[in-house]
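A closer look at the structure
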Amino acid sequence: TDLRFGASFATGGDLTLRVLVTGAAGFIGQMVVSALAQRETHLVDGHQRHIQRILATDIAKAPLTQLAASSELIQAIPGALSDNGILDRIKAEQP
């Protein structure tokens, strides 16, 4: 599972966090996504960042659908990262 962090300035100057989790349908990926969804903030570089969105991607669709139903923070993006359409959807979610 690959966990990458990206931050952007939101209205009011608060630092927000959008997280991309690849392999999110796997055992560890599901645990990572669920743990992040239960938090309002995450410590990055010594600063608390508000979690705005969790992008969960994997080739297995069913587990992603279940994850997305568990929290409005989670957005399921099923498909292979080798698919340009999937990459475009991920890029569209960037700040």
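These numbers were taken from a predicted model, which means no experiment stands behind them.

1. Description of the overall build of the protein
Scanning the protein from N- to C-terminus turns up 3 helices and 5 strands. Its helices and strands taken in sequence order, the protein reads β-β-α-β-β-α-β-α from the N to the C terminus. When each of the 95 residues of the protein is scored for burial, the buried share is 35%. Long-range contacts, defined as pairs at least 24 residues apart, comprise 40% of the intrachain contacts of the protein with a sequence gap of at least 6.

2. Re the confidence of the model for the protein
Looking at the protein as a whole, its pLDDT mean stands at 85, while 83% of the residues score no less than 70. Low pLDDT (under 50) marks residues 1-13, which in the prediction has 35 contacts with non-local residues, meaning those over four places away or in another chain.

3. Observations concerning the nonpolar core
Residues Val21, Val33, Ile54, Leu64 and Ile74 are the most contacted members of the largest nonpolar core, which totals 17 residues. Taken together, the elements giving at least two residues each to this core come down to strand S2 (15-22), helix H1 (27-37), strand S4 (47-58), helix H2 (61-70) and strand S5 (74-78). If sequence neighbours within four positions are ignored, Ile54 has contacts with Val19, Val21, Val33, Leu36, Ala37, Leu73, Ile74 and Gln75. Counting residues in each nonpolar core, the second largest holds 5 residues, with Leu20, Leu55, Ile77 and Ile86 among its members.

Reading guide: rules and limits
Residues numbered from 1 in each chain as written. Predicted model: local features only at pLDDT ≥ 70, side-chain atom pairs only at ≥ 80, totals over all residues. Heavy atoms only, no water. Helix = DSSP H or I, 4+ residues; strand = E, 2+ residues; numbered from the N terminus. Buried < 20%, exposed > 50% of the residue type's maximum accessible area, 1.4 Å probe, protein only. Contact = heavy atoms within 4.5 Å. pLDDT = per-residue confidence, 0-100. Core = buried A, V, L, I, M, F, W, Y, C linked by side-chain atoms within 4.5 Å.

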